[in-house]
Amino acid sequence: MGRSQAIGRGRDPRFGPEADDAGCTILHVDMDAFFAAVEVRRRPELRGKAVIVGGLGPRGVVSSASYEARRFGVRSAMPAMRARALCPHAVFLPPDFTEYSAASTAVMRIFRDVTPLVEPLSLDEAFLDVAGAQRLLGRPAIIARDIRARIAEEQRLTCSVGVAPSKFVAKLGSTRAKPDGVIVVPTGQVLDFLHPLPVDALWGVGEKAAETLHRLGLMTVGDLAAAPLGMLRSALGEASAAHLHELAWGRDSRRVVAEHVDKSIGAEMTYDTDVTDPVTIRRSLLALADKVGARLRAAGHVGRTVTIKIRVADFRTVNRSRTMPTGTDVAREIFATSWTLFEALRVAEPIRLVGVRVEGLSAAATTSRQLTLGEPERGWREAEAATDALAARFGRSIVGPASLLGQTDHRRTENHPHSTVVPLSDPPTPS
C-alpha cells in the first residue's frame, strides 16, 4: 500500500483551513497529479478524462495519473500494462520533462516570492518555512490559501498544502488534503492527527517493516507510540526504532533548508475585472513596487534589473526589463522604472494581471551605491526604512503612498483608518 493510500483523504473538520495555525510555520505544498495536470493544461480537450503519463512500452511504468484514472486504481510507479488493464479507456501519454520543468520553475518562483526558505523535494513538491513571512503576508493558513490561488490563476494547476509545526506532519497533511485542499494541524492536536493513522504513514515504514509491526499487533501510529521502545529495537533495530518512536510522538526537529539563493523578488496583482484605465494600472504598479521594495529590504537585498509583467484578457503575457547602473531596494525607484516600461508598451487590450519583479540581486550591506548629480544624500531610502519600522509595529496598511489612499480600482483593497501617507511626487526632507 502506498503512503497516500495509507493516510487516506478524508477531511476532518478539526484540521480544516480555519483551525488554529499559531506556531504552524511549516508548509508542505504538493502539486496535484502534476505531470498529468500539465498535459491537461496544454490539451484542454483532455479535461475530465482519465490521463496517464509514463512509459508506453511493455516495461513502462506510470509517472503520473489524473484523478479520473486513479478512481480505477491506477497509481504512480505501477506497471503501464497493469494500468492499461485497470483503465483501458485512458489516454496514455509519454512524459515531457521539458514542459514539466518549466511548470515547476514557475511554481517554485511563486514559493520564493513568499519566503526564501524553500526546500524543493522534487519537481512538484517543496517545504516552506513561512515564520518570517507572516508580518507581510498574514498567518500560515492565509499564506497557504494565497499560494494555491496564485498557482491556480497563473499556472492553471492545483496543489494541496499541509500546514503544521514540523516537516513530517506538514507532509502528511498535504497528502490528507488531496486533491486541491488545505489541512492545518494545530500544534496542540498533532497527536490527535497522527495516532489514528496506520503505521504505513510513517516515513521509514515500508512493506516489510509494516508486516513486522503488524505481527507485533501494532496497526496504528498510536499503537507504535505506546509500544515499549525495547520491543521496537528488537524488531526493527536501534536506529529505526528510535526514528519511528520520535515520529510517532510528532517529534521532528528538522529545519527547512533552502537549496536556492534568491535570484529575484517580485509581486503580482490579478484584477477582478479586466482593466483599461491607466490611472488604475499606475496605482497598481505603485502598490506592487511598494511591496517589492519592502520585501527586498526585509531580505537585505538590492537588485539592478526591474521587470514588469503584463497579462492581457486573452492570457497573452508580455515581460519587459530595464537594468539600472546600481542596485536598489527603493520602491520609488522601482516604480519609476516600472511605469516607464509600461508606458513604452502602449498596451491597447484590457489587462487582467500586472507584476513587478527585481532581479540581479546582491546583498545590500556589501553593495555600494553611487549618488547621481544633485541627489540628496538622504531621502526616499530613509523614508521607506521609516515606513518599514511603522509597518513592523502597526501593520503594512498604516503607511503608504498618498496616491493609494482611497483608491477605487478593480482590486480588492483595504485602507487603514489611521494611515500615514507619503507623497508620490517629491522625496521627503529627512529630519
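Predicted model only: the values in this text are computed from it and were never measured.

## What about the overall build of the protein?
Looking only at helices and strands, one finds 16 helices and 14 strands in the protein. Buried positions account for 47% of the 431 residues belonging to the protein. Counting only contacts in the protein whose residues sit at least 6 apart along the sequence, the fraction spanning at least 24 positions is 66%. Total accessible area on the protein is roughly 20700 Å²; 53% of this is exposed by carbon and sulfur atoms.

## Digging into the sheet that holds strand β12 (residues 351-363)
Backbone hydrogen bonds hold the strands of a sheet together, and the pairing may be parallel or antiparallel. One open sheet accounts for four strands, arranged β9-β12-β10-β11; its pairing is antiparallel. Looking along the sheet, the strands with just one partner apiece sit at the ends: β9 (264-275) and β11 (317-328). For this sheet, the mean angle separating the axes of adjacent strands, direction not counted, is 15 degrees. With eight bridges joining them, strand β10 (residues 301-312) and β11 adopt antiparallel strand pairing.

## Observations concerning the environment of Asp-314
Along the chain, the position of Asp-314 falls in the loop between β10 and β11. C-alpha separation for the pair Asp-314 and Arg-352, spaced 38 residues apart in sequence, amounts to 8.8 Å. For Asp-314, the side chain forms a polar contact with the side chain of Arg-316, separated by 2.9 Å.

## With respect to the pairing of β12
In the sheet, β9 pairs with β12 via eight bridges, with the strands oriented antiparallel. The residue of β12 that forms the bridge with Ala-267 is Val-356. Note that β10 and β12 share 11 bridges and pair antiparallel. Looking at the pairing, Thr-307 lines up with Arg-357 of β12.

## Some words on the pattern of salt bridges
Counted according to the given criterion, the structure contains 23 salt bridges. Where Glu-99 meets Arg-42, a salt bridge forms, and the shortest distance between an N and an O atom there is 3.5 Å. Here Glu-99, found in helix α5 (residues 97-114), pairs with Arg-42, found in helix α2 (residues 34-42); they are 57 residues apart in sequence, far enough to count as distant. Glu-99 sits in the partly exposed class, given a relative accessible area of 25%. Taking relative accessible area as the criterion, Arg-42 reaches 33% and is therefore assigned partly exposed. Glu-238 is the salt-bridge partner of Arg-233, the closest N and O atoms lying 3.2 Å from each other. Residues participating in the shared-partner salt-bridge network are Asp-113, Arg-150, Glu-154, Glu-268, Lys-309 and Arg-357.

## Some details on the environment of Ala-287
Its place among the elements puts Ala-287 in helix α14 (residues 278-299). On the accessibility criterion, Ala-287 (17% relative accessible area) is buried. Taking the C-alpha atoms as reference points, Ala-287 and Phe-335, 48 residues apart in sequence, are found 8.6 Å from one another.

## Things to note about the packing of aromatic side chains
Taken as a whole and assessed by the stated rule, the structure comprises seven aromatic pairs. Centroid distance Phe-35 to Phe-97: 5.4 Å. Interplanar angle 90 degrees. Geometry classified as edge-to-face. With a gap of 62 residues between them, Phe-35 in helix α2 and Phe-97 in helix α5 connect regions that are remote in the sequence. Classification of Phe-35 as buried rests on a relative accessible area of 13%. Residue classification places Phe-97 among the partly exposed positions, given a relative accessible area of 44%. Among the aromatic residues, those joined into a ring-pair cluster are Phe-34, Phe-35, Phe-97 and Tyr-100. The ring of Phe-92 has Arg-84 lying over it, and the distance from NZ or CZ to the ring centre is 4.0 Å.

## Some details on the sheet that holds strand β2 (residues 51-54)
With mixed pairing, the three strands of this open sheet are ordered in space as β3-β2-β4. Taken across any chain shown, the strands that pair with only one partner, and hence form the sheet edges, are β3 (62-65) and β4 (91-93). On average, adjacent strands in this sheet sit at an angle of 25 degrees to one another, irrespective of strand direction. Pairing of β2 with β3, which is carried by three bridges, proceeds in the antiparallel orientation.

## Focus on the pairing of strand β6 (residues 125-129)
With five of its five residues buried, β6 lies for the most part within the structure. The alternating pattern of β6 places Glu-125, Phe-127 and Asp-129 and Ala-126 and Leu-128 on opposite faces, both of which are buried. Note: strand β1 (residues 26-31) against β6, five bridges, orientation antiparallel. If you follow Leu-27 over to β6, its bridge partner there is Leu-128. Looking at chain direction, strand β5 (residues 118-122) and β6 are connected through four bridges and run antiparallel. In the sheet register, Val-118 faces β6, and the bridge partner there is Leu-128. In this antiparallel pair of consecutive strands, β5 and β6, the connection spans two residues.

## Looking at the packing of α2 against α5
At a minimum axis distance of 10 Å, the contact between α2 and α5 shows a crossing angle of 95 degrees. If you check the angle between α2 and α5, you find them roughly perpendicular. Of the residues in α5, those touching α2 at Phe-34, Phe-35, Val-38, Glu-39, Arg-41 and Arg-42 are Phe-97, Glu-99, Tyr-100, Ala-103 and Ser-104. The residue inventory of the contact of α2 with α5, partitioned by class, reads six nonpolar, one polar and four charged.

## Considerations on the nonpolar core
By size, the foremost hydrophobic cluster in this structure holds 39 residues, and its most contacted members are Leu-27, Phe-111, Leu-128 and Ile-151. Elements with a contribution of two residues or more to this core: β1, α2, β2, α5, β6, α7 (140-155), β7 (159-164) and β8 (182-184). Sorting elements by how many residues they give to this core places α5 first, with seven residues. Counting residues in each nonpolar core, the second largest holds 34 residues, with Val-199, Trp-203, Val-221 and Leu-232 among its members.

Rules of the game
Residues numbered from 1 in each chain as written. Predicted model: local features only at pLDDT ≥ 70, side-chain atom pairs only at ≥ 80, totals over all residues. Heavy atoms only, no water. Helix = DSSP H or I, 4+ residues; strand = E, 2+ residues; numbered from the N terminus. Buried < 20%, exposed > 50% of the residue type's maximum accessible area, 1.4 Å probe, protein only. Contact = heavy atoms within 4.5 Å. Areas by Shrake-Rupley, 256 points an atom, 1.4 Å probe, with all protein chains shown as cover. Pairing = 2+ DSSP bridges. Axes fitted to C-alpha atoms, helices over the stretch in contact; angles between N-to-C directions. Polar contact = N/O pair within 3.5 Å; in protein donor to acceptor, adjacent residues only side chain to side chain. Salt bridge = Lys/Arg side-chain N within 4 Å of Asp/Glu carboxyl O. Phe/Tyr/Trp six-rings, centres within 6.5 Å; stacked < 30°, edge-to-face > 60°. Lys NZ or Arg CZ within 6 Å of the ring centre and 35° of its normal. Parallel < 35°, antiparallel > 145°, perpendicular 65-115°, else oblique. Nonpolar A, V, L, I, M, F, W, Y, C, P; charged D, E, K, R; others polar. Core = buried A, V, L, I, M, F, W, Y, C linked by side-chain atoms within 4.5 Å.

No statement about biological role is implied by the geometric values presented.
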